[in-house]
Amino acid sequence: MASAHTSHSSGGQAGFGLILAIAAFAISGFLFWSDARADTLAEPADPRAIDGLVRLSEMQEGALLIETVEPGYYLPAPMLATDMAVEIAGPIIRTTITQRFENPSDQWVEARYVFPLPANSGVDRLRMQVGDRFIEGQIHERQAARRIYEQARDNGQRASLVEQERPNMFTTSVANIGPGETIIIQIEYQDVARLRDGTFEMRLPLGLTPRFIPRTDDYLLVSETNPSPAVPDAHRITPPVMAPSSEPGDRLRLPVTISAQLRPGFELGEITSLYHATRIDRSEPDIAQIELADGPIPANRDFVLTWRPANETAPSASLFTEDWEGETYLLAQILPPATLNADAPRRPRETIFVIDNSGSMAGTSMRQARDALLAALDRLQPEDRFNIIRFDNTMEQVFPAPVEASDGRLRQARRFVRNLDAEGGTNMLPAMRAALTDDTPEDTSRVRQVVFLTDGAIGNERELFREIHNRLGRSRLFPVGIGSAPNTYFMERAARAGRGTFTHIGDVSEVSERMAQLYTALERPVMTHLDALFAEGTLSEIWPAPLPDLYYGEPVLMTARLSDPDGMLLLEGRLAQSGWQTRLDLAEAQPAEGIAALWARNRIKGIEETRFQGAPADRIDAAVLQTALDFHLVSRLTSLVAVDVTPARPADQPLNSQDIAQMTPHGWDFDAVTRNTSPVDHAALDPELLRRLRVHASPEEAALAAENGLPLPATATPRELLTWLGALLMLAGLIFLMMNRERRLW
Amino acid sequence: MVSRTSLLRGGAIACLAAGALVLAQGLWIPVKADIAQLLLAQAWTRAIDGESAPTPWPWADTWPVARLSVPQLGEHAIVLAEAGGEALAFGPSLLNASAAPGENGVSVIAAHRDTHFAFLQHVEAGQTIVVERPDGPPALYRVTGSEIVEADRSGIQVEGGPPRLALVTCWPFGSITPGPLRYVVWAEAVDINTI
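Residues numbered from 1 in each chain as written. Chains lettered and ligands numbered in written order. Predicted model: local features only at pLDDT ≥ 70, side-chain atom pairs only at ≥ 80, totals over all residues.

Enquirer: Can you break down the overall build of chain B residue by residue, with the values?
Expert: Looking only at helices and strands, one finds one helix and eight strands in chain B. If you list the helices and strands of chain B from N to C, you get α-β-β-β-β-β-β-β-β. Scored against the burial criterion, the 195 residues of chain B give a buried share of 44%. Long-range contacts, defined here as pairs at least 24 residues apart, represent 54% of the contacts in chain B between residues at least 6 apart. (Helix = DSSP H or I, 4+ residues; strand = E, 2+ residues; numbered from the N terminus. Buried ≥ 20, exposed ≤ 12 C-beta atoms within 10 Å, placed from the backbone. Contact = placed C-beta atoms within 7 Å.)

So this is what it looks like as structure tokens:
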């Protein structure tokens, strides 16, 4: 501080010094401001402007997304090949997906792999090859899995974590990908074929509907950094809506090959692929090999395969069993005879139609929804009552309350439907609440049905399920899935919670057929009070429990753990005031694989659903965790964590690609994606995009950095230096001035 | 002769002006550090009231995360979230890569040796350090010792182990130029009942 007095000791120049000091203070004030501003000013331009970067939610297909310096934005790694191999044994569908990617950059990077899955299925096997390392997934409790993953990553090992974000979205992280390395990821999951009107159906979801997260007041798009209160993991499922046209460039994706082996357990009749041309080899009566006819296809539309038995009068029941770890598991699909409910009288109805006209429905989806609703209106009779509710982030009812379906009202309703356009966000909750509001809850002369047309692109499923559970009353909920890839998980569960059925319409050409099916189900009586009974004295655990109500054309689909693998199964239910029952011999069941896993998955689903009936959360968690660990399933509480299983080799031995192929662990098969791959066109890759990748330290550098410990920031200010320098400069100036003055006096 | 005189005179005034500017900047550093702490005290009360990330002034890119004090020395400061080194001008910063105070692992708080952490040279083993948190009881630490390390080879492993605190500043104190050495005061968590 002593140096500050220098300026005052300059005698006649004191005023001048003061002015200088004030000026300096003002300048420093600016410096204070600019110091704090530095970071805000340096903020990068809007990354959305960068062509070629994507967000997780935009991905409609399996992709490996490399982290960039823009949080939440990724560069899709070039895909060299994708293969989907499906094995269908009985009703169990086992799918193996193998995808091969390349790190296009000359840096160490980290990436996330995303893949859309069918509802009610989960990945139970993961195998990866990253460069010369082989990695296999093991099921662990979720927190433990994350710890193992982070530790492995910090130690510079290749690691991967598979977590269930939403039941129909699969993501896994891939750490420590070396420059130019090849990454092969293989996942396996299990699904069950749907049986409807005697036709089995399999669906391979190749597209993923972008999801939309509502906020409490305003319905904005959610970014990765601002989680919405209604959806705590919103930043992890990253949901803003994207136009389907903004797909990644052609050079960054390669089409998909699909092959399926079908062994349904009966002689095969008609086999159809709904949206893709196929070549079917049927040299044996009960086995079929299916391949794509036109070679690889772009992965933007679900692959749907249906098959029927050759003999239409064949028994409408199929029983499969699996022996697994000393227990017998049963899968039963039983179709009640159609004649049972053919001539029941039609009952008048009160039908509430809810139609989603949010932005995610834009284009074909909206047209499908409009057509479906118009078709539904045609089925109304004068004694029925109806109303229409449309919603995006706002909501509107055509009539203030349900009205009689007179010609005039129907004309008004049709006009309203034809004028609907898709725009805005999705806020389903108020619409669901309005649809379930029943003015005449005691009216038994009419059945009350809510038909809900949507793509289900929402993130607040939990709130909606609670609403359905609390307000259902005598109403029944019939979600109709619209679009090429609706959120099937949400709709199937909503249908179950709402004691209705789920209908999926994937294409405009299906609208009339599927809506007719739904209407047949709506107009026919429902089978209720379904129960399965086994021989007396045997203990069996049946899931789902209780068995759901059955609509026309639907099979009883149940899984059970049996204490006695022989004996009889008695199935009974009530249909339009009369009883129905059937008796099946368990000895006739055919063996099939994967039934134990399916039973366990149903069990977890059943336990999770008790949440809405008030079961304590810790009991649910404990039961779900134990089941998931016992049956090696990925669930809300368990994760697959990747473990390095690379065979040991001498450290001094150089490695070439042929050695890597020979080192593949026993039982692993990556042939489908190593045989024919197209090379990456490196010249076509934008170097500007590669520069935006978030660069990671190589494993060697990371190990060294870990040893060196946390780097510490600079904690010295130039205060002393500035003070002394300033004082010296001023002193020099003063001396000069004084010398000058003395000279003038002479 | 005249021109030479005025040249000398002009040079002298320029020297004086430049000197005043540089000096003011040097003097401004501790003033800024003190003013910032006053503004931060208000933001800190907002943090205690439950506001997440309350910025002390509208354009600030950092916010108070804790209040550090050494009762025996009568020293205290509001600790900021690390923000690319900018936050250090206004107060001690809790390094992002380190543990939250009171949690397992090492919480690393760094500050300038000639402003907020000038007092570190007087901290001795056995003294108590209090770290108040916005969302819980204060974390108490007892100083175990100090060491001098290189900035890029600190050897500090932040993860795992019992809750510990490392206060970091530049070494040596009173040096005019920045250097590669850092002074680290180590403290271990103690139970509030043992004080």
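Enquirer: Describe the overall build of chain A, listing the residues and the values that go with them.
Expert: Broken down by element type, chain A carries 16 helices and 33 strands. The burial tally for chain A puts 43% of its 746 residues in the buried class. The long-range share in chain A, meaning contacts at least 24 apart out of those at least 6 apart in sequence, stands at 74%.

Enquirer: Pulling in residues and values, what's your account of the pairing of strand 19 (residues 327-334) of chain A?
Expert: Residue and element names in this part refer to chain A. Counting buried positions along strand 19 gives seven out of eight residues, so the element sits mostly inside the fold. Where strand 19 lies against strand 29 (residues 556-562), seven bridges are found, and the strand directions are antiparallel. Residue Tyr 329 lies in a different strand from strand 29, and its bridge partner there is Arg 561. (Pairing = 2+ DSSP bridges.)

Enquirer: Could you give me a rundown of the nonpolar core, with the residues and numbers involved?
Expert: Counting residues in each nonpolar core, the largest one holds 154 residues, and the members touching the most others are A:Val354 and A:Leu453. The residues touching A:Leu453, leaving out its near neighbours within four places in the chain, are A:Val354, A:Ile355, A:Asp356, A:Ala369, A:Ala372, A:Leu373, A:Val480 and A:Ile482. B:Ala12, B:Leu21, B:Trp28 and B:Ala47 belong to the second-largest nonpolar core, a separate cluster that totals 68 residues. (Core = buried A, V, L, I, M, F, W, Y, C linked by C-beta atoms within 7 Å.)

Enquirer: Which residues make up the sheet that holds strand 3 (residues 93-94) of chain B, and what values do they have?
Expert: All names here are of chain B. Spatial strand order, 1-2-3-4-7-8-6-5: eight strands in a closed barrel with mixed pairing. Both strand 3 and strand 4 (residues 106-110) contribute to a ladder of two bridges, which runs antiparallel. Residue Leu 94 lies in a different strand from strand 4, and its bridge partner there is Ile 109.

Enquirer: Report on unusual backbone geometry, specifying residues and quantitative values.
Expert: Residues and elements named next belong to chain A. Across the junction of Trp 543 and Pro 544, the peptide omega takes the value -5 degrees, indicating a cis bond. Of note, Pro 544 is situated in the loop between strand 28 (540-543) and strand 29. Phi at His 632 takes a positive value of approximately 55 degrees, unusual for a residue other than glycine.

Enquirer: Would you mind going over the packing of helix 10 (residues 595-609) of chain A against helix 11 (residues 617-630) of chain A in detail, with residue names and values included?
Expert: All names here are of chain A. Their axes nearest at 10 Å, the elements helix 10 and helix 11 cross at an angle of 170 degrees. When the axis of helix 10 is compared with that of helix 11, the two are roughly antiparallel. Mapping the contact onto sequence places Ala 600, Arg 603, Ile 604, Ile 607 and Glu 608 in helix 10 and Ile 620, Ala 623, Val 624, Thr 627 and Ala 628 in helix 11. Of the residues assigned to the contact of helix 10 with helix 11, the class counts are seven nonpolar, one polar and two charged. (Axes fitted to C-alpha atoms, helices over the stretch in contact; angles between N-to-C directions. Parallel < 35°, antiparallel > 145°, perpendicular 65-115°, else oblique. Nonpolar A, V, L, I, M, F, W, Y, C, P; charged D, E, K, R; others polar.)

Enquirer: Pulling in residues and values, what's your account of the confidence of the model for chain A?
Expert: Residue and element names in this part refer to chain A. Mean pLDDT over chain A: 75, with 74% of residues reaching 70 or higher. Predicted confidence is poor over residues 1-21, with pLDDT under 50, and the contacts of this stretch with residues over four places away or in other chains come to 21 contacts. In the model, residues 208-254 has pLDDT below 50 throughout and makes 110 contacts with residues more than four positions away in sequence or in other chains. (pLDDT = per-residue confidence, 0-100.)

Enquirer: Describe in detail the sheet that holds strand 31 (residues 578-585) of chain A, supporting the description with residues and values.
Expert: Within a sheet, each strand pairs with its neighbour through backbone hydrogen bonds, oriented either parallel or antiparallel. Residue and element names in this part refer to chain A. An order of 27-30-31 is seen for the three strands of this open sheet, with the pairing classed as antiparallel. Because the sheet does not close on itself, it has two edges, and the strands there are strand 27 (527-534) and strand 31. Taking the axes of each pair of neighbouring strands and ignoring which way they run, one obtains an average angle of 15 degrees across the sheet.

Enquirer: Give a description of the confidence of the model for chain B that names residues and reports values.
Expert: Predicted confidence across chain B gives a mean pLDDT of 85, with 95% of residues reaching 70 or more. Interface scoring of the predicted complex returns ipTM 0.83; its pTM is 0.57.

Enquirer: Summarise the environment of A:Gly573; cite the residues concerned and give the values.
Expert: All names here are of chain A. Residue position: Gly 573 is located in strand 30 (residues 568-575). On the neighbour-count criterion, Gly 573 (20 C-beta atoms within 10 Å) is buried. Residues Gly 573 and Leu 530, 43 residues apart in the sequence, show an inter-C-alpha distance of 4.2 Å. The residues touching Gly 573, leaving out its near neighbours within four places in the chain, are Met 527, Thr 528, His 529, Leu 530 and Trp 580.

Enquirer: Break down the environment of A:Arg100 for me, citing the residues and quoting the values.
Expert: All names here are of chain A. Mapped onto the elements of the fold, Arg 100 is located in strand 4 (residues 92-102). Residue classification places Arg 100 among the buried residues on the basis of 24 C-beta atoms within 10 Å. The sequence separation of Arg 100 and Val 673 amounts to 573 residues, and the corresponding C-alpha distance is 6.3 Å.

Enquirer: Describe the packing of helix 7 (residues 461-471) of chain A against helix 8 (residues 488-497) of chain A, listing the residues and the values that go with them.
Expert: Residue and element names in this part refer to chain A. Packing of helix 7 against helix 8 brings their axes to within 9 Å, and their N-to-C directions diverge by 15 degrees. Classified by the angle between their axes, helix 7 and helix 8 sit roughly parallel to one another. Note on packing geometry: the crossing formed by helix 7 with helix 8 is right-handed. On helix 8, the residues touching Glu 461, Leu 464, Phe 465, Ile 468 and His 469 of helix 7 are Phe 490, Arg 493, Ala 494 and Ala 497. For the contact of helix 7 with helix 8, the class distribution of residues is six nonpolar, one polar and two charged. (Left-handed = near helix turned anticlockwise from the far one by under 90°.)

Enquirer: Could you give an account of helix 9 (residues 511-523) of chain A, naming the residues involved and the relevant values?
Expert: Residues and elements named next belong to chain A. With 13 residues, helix 9 ought to run about 18 Å at 1.5 Å a step, and its terminal C-alpha atoms sit 18 Å apart, in line with that. Inspection of helix 9 places Val 511, Arg 514, Met 515, Leu 518, Ala 521 and Leu 522 among the buried residues, and these make up the whole buried set. One face of helix 9 carries all of its buried residues, which in axial projection span an arc of 115 degrees. Next to the buried residues of helix 9 lie helix 4 (364-378), strand 24 (447-454), strand 25 (475-482) and strand 26 (503-505). (Expected span 1.5 Å × (residues − 1). Arc of directions from axis to C-beta.)

Enquirer: Explain the environment of B:Ala43 to me, using residue names and the numbers behind them.
Expert: Residue and element names in this part refer to chain B. Looking at the secondary structure, you find Ala 43 in helix 1 (residues 2-48). Note: C-alpha distance between Ala 43 and Ala 53 (10 residues apart in sequence) is 8.9 Å. Contacts of Ala 43, omitting those with residues within four sequence positions, involve Pro 54, Thr 55, Pro 56, Trp 63 and Pro 64.

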